[in-house]
Amino acid sequence: MNTKKDQSIFDRREALKMLGIGSTAGIMGMFGSSSSASASEKEASSYTRGMAPVKIKSVRAIACAPAGSNLIVVRVETTEPGLYGLGCATFTQRAMAVVTAINSYLNDFCIGKDVDNIEDMWHGVYVSSYWRNGPVLNNALSGLDQALWDIKGKRANMPVYQLLGGKVRFAVPCYAHASGSTPEEVADNVQKFMDEGYKYVRIQQGGYGAVGVTQKKPDFKEAGFGGANDAYMDERTYLRSVPKIFEAVRKKCGDDVELLHDIHERVQPMDAINMIKQLEPYRPFFIEDPFSPENMEWFKQLRTSTSVPIAMGELFNNINEFKLPMVNQWFDYIRIHISQIGGITPAMKVARLGEWFNIKTAWHGPGDVSPVGHAANAHIDLAVWNFGIQESIRFSDKIKEVFSGCPTMKNGYMYVNEVPGLGVDINEKEAAKYPIGTKSNWQVRKADGTLIRP
């Protein structure tokens, strides 16, 4: 009997049977009751397990001074053949102390630990000395932290900026350094940088605090007081010089260039406030380090006295020093020395906090930071939305013989080496040609011999 009714019943039965088979397969798959489901589960488990653990085999310091300044790099070796990471731990003024901290303490602490657990490692090193880290241990920690991020990037086959969220900008805008013995010479040098493509230039007459501008022999030298190489700063000469160089540069170079200046904490707070007020007509991009870390309360008065943007923080040693000034919006730019504050991990935390208070980044990038440290700066610069500006660097030929993959400058922008990790490597054979020293002179005095705090 092959009626339409019978065919309909048959079709419904077949549909229910197929539905039952599908449901059973689905249920069996959920509980691993079929071979095909087991295979799928194994694939899923393999994915969720991720890569096999890699342990730290050793941590050691590589010290060199190819351009004169002592540079310290941390090298972290792993149990995976050929996999290692590099980080900058440079503390030029106390380099040997950092080398000892890395080789004698950090190595023992890190051996056998999982390279992937950066956050846990950071906190472990930070508190393992019981007293919170000072600058020597913080530089060592910075090198370790950057090296671990370098390894993580290599493991992921990505540049570090990708692990921090990816690019927010195509490259990193930088400011150059223009100085000179006269305001006119400073202006000429600013124009040269503008011709190279720079849109931001920091201006100084002489050295920091106009050191070297006056040829007068200071009284402390006449009296035989202090060290033979101690520098002299005439505070009044400096305070008069800064408005003059701003005026000269604006007159020659116009308003299209952004101008910056670093007080370097070398004058009294009220003198700094009065000078900054005089600069308002010249529209500074920012004035850097108006006060020493011992004079932070003066920021309250500075904020009510002038609208000039302020950058601060390169001398801060602990990330907690940024908290209250940022919450109170005492400054506009975060001036962190990433190779000293503890590395990429804490710098990212401070940068993210800054986003909530409209405070931008302006990482410290002087010549006494290794190319690895400059690369770490740039990778964060590429990834954080509240980026402000980056200090530029020009690597000497000797530096580039020791370090390959250095960040490069073009038209006022910094570019990183687009390879996994931080992108910088070191030739230890070349580095050994340039041993570090222990002499460091950072002493500047008033006429009577009183030391001026940087």
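Reference entry: report on the structure contained in this document. Source: prediction; values computed, not measured.

**Things to note about the overall build of the chain**
Part 1 of the argument: If you tally the helices and strands in the chain, you get 17 helices and 17 strands.
Part 2 of the argument: Burial statistics for the chain: of 454 residues in total, 50% are counted as buried.
Part 3 of the argument: Partitioning the contacts of the chain with sequence separation of at least 6, the portion at a separation of at least 24 is 71%.

**Re the packing of aromatic side chains**
Part 1 of the argument: The final tally for this structure, using the stated rule, is 15 aromatic pairs.
Part 2 of the argument: Three or more aromatic residues link up through ring pairs in this structure, and these residues are Y175, Y200, F285, F286 and Y333.
Part 3 of the argument: Above the face of the F109 ring, K113 is positioned so that its terminal group lies 4.3 Å from the ring centre.
Part 4 of the argument: The ring of Y84 is capped by K154, whose NZ or CZ atom sits 4.5 Å from the centre of that ring.

**Here we look at the nonpolar core**
Part 1 of the argument: Within the largest apolar cluster, 121 residues are counted, with the highest numbers of intra-cluster contacts made by I102 and F403.
Part 2 of the argument: Leave out the neighbours within four places in its chain, and F403 touches C64, L71, V73, S370, P371, V372, V424, D425 and I426.
Part 3 of the argument: Counting residues in hydrophobic clusters, the runner-up holds 8 residues, among them Y175, L260, Y333 and I389.

**Concerning the pairing of strand β5 (residues 200–205)**
Part 1 of the argument: With respect to burial, β5 is a largely interior element, 5 of its 6 residues being buried.
Part 2 of the argument: In this sheet, β5 lies alongside strand β4 (residues 172–180) in parallel orientation, the contact comprising 6 bridges. The partner of G180 across the bridge, within β5, is Q205.
Part 3 of the argument: Taken together, β4, helix α7 (residues 183–195) and β5 form a β-α-β motif whose crossover is right-handed.
Part 4 of the argument: As judged from the 3 bridges shared by β5 and strand β7 (residues 258–262), these two strands associate in the parallel manner. Looking at β7, one finds that V201 is bridged to L259.

**Overview of the side chain of R202**
Part 1 of the argument: With respect to the secondary-structure elements, R202 resides in strand β5.
Part 2 of the argument: In terms of polar contacts, R202 uses its side chain to reach the side chain of H177, at 3.2 Å.
Part 3 of the argument: In terms of polar contacts, R202 uses its side chain to reach the side chain of Y208, at 2.9 Å.
Part 4 of the argument: With residues near it in sequence (within four places) discarded, R202 still touches Y175, A176, H177, A178, Y208, L260, H261, D262, E288, R335 and E391.

**Comments concerning the environment of K251**
Part 1 of the argument: By the secondary structure assignment, K251 is in helix α9 (residues 235–253).
Part 2 of the argument: A residue is classified by how much of its surface remains accessible, and K251, at 79% relative accessible area, is exposed.
Part 3 of the argument: C-alpha of K251 to C-alpha of Y282: the two residues are 31 residues apart in sequence and 9.9 Å apart in space.

**Focus: the packing of α7 against α9**
Part 1 of the argument: Contact geometry for α7 and α9: axes closest at 8 Å, N-to-C directions at 45 degrees. If you check the angle between α7 and α9, you find them oblique. Of the two elements, α7 crosses α9, and the hand of that crossing is right-handed. Touching P183, V186, A187, D188, V190, Q191 and M194 of α7 are K244, I245, A248, V249, K252 and C253, all from α9.
Part 2 of the argument: Here the residues of the contact of α7 with α9 sort into 9 nonpolar, 1 polar and 3 charged.

**Comments concerning empty space enclosed by the protein**
Part 1 of the argument: Counted by the stated rule, this structure contains 1 cavity of 30 Å³ or more.
Part 2 of the argument: Space inside the largest cavity adds up to approximately 30 Å³.
Part 3 of the argument: Tallied by class, the residues present in the lining of the largest cavity amount to 4 nonpolar, 3 polar and no charged.

**Observations regarding the sheet that holds strand β3 (residues 84–88)**
Part 1 of the argument: Strand order in the open sheet formed by 3 strands is β1-β2-β3, with antiparallel pairing between adjacent strands. Both outer strands of the open sheet, β1 (56–64) and β3, are each paired with one neighbouring strand and no more. The average angle at which neighbouring strand axes cross in this sheet is 20 degrees, direction not considered.
Part 2 of the argument: Across 5 bridges, strand β2 (residues 71–78) lies against β3 in antiparallel orientation. When the bridges of β3 are listed, R75 appears paired with L86.

Parameters at a glance
Residues numbered from 1 in each chain as written. Predicted model: local features only at pLDDT ≥ 70, side-chain atom pairs only at ≥ 80, totals over all residues. Heavy atoms only, no water. Helix = DSSP H or I, 4+ residues; strand = E, 2+ residues; numbered from the N terminus. Buried < 20%, exposed > 50% of the residue type's maximum accessible area, 1.4 Å probe, protein only. Contact = heavy atoms within 4.5 Å. Phe/Tyr/Trp six-rings, centres within 6.5 Å; stacked < 30°, edge-to-face > 60°. Lys NZ or Arg CZ within 6 Å of the ring centre and 35° of its normal. Core = buried A, V, L, I, M, F, W, Y, C linked by side-chain atoms within 4.5 Å. Pairing = 2+ DSSP bridges. Right-handed = clockwise from strand over helix to strand, strands pointing away. Polar contact = N/O pair within 3.5 Å; in protein donor to acceptor, adjacent residues only side chain to side chain. Axes fitted to C-alpha atoms, helices over the stretch in contact; angles between N-to-C directions. Parallel < 35°, antiparallel > 145°, perpendicular 65-115°, else oblique. Left-handed = near helix turned anticlockwise from the far one by under 90°. Nonpolar A, V, L, I, M, F, W, Y, C, P; charged D, E, K, R; others polar. 1 Å grid on protein atoms, 1.4 Å probe; cavity = no way out; pocket = protein on both sides within 12 Å on 5 of 7 lines; lining within 4 Å. Points joined across faces, edges and corners; volume = space filled by probe spheres on them.

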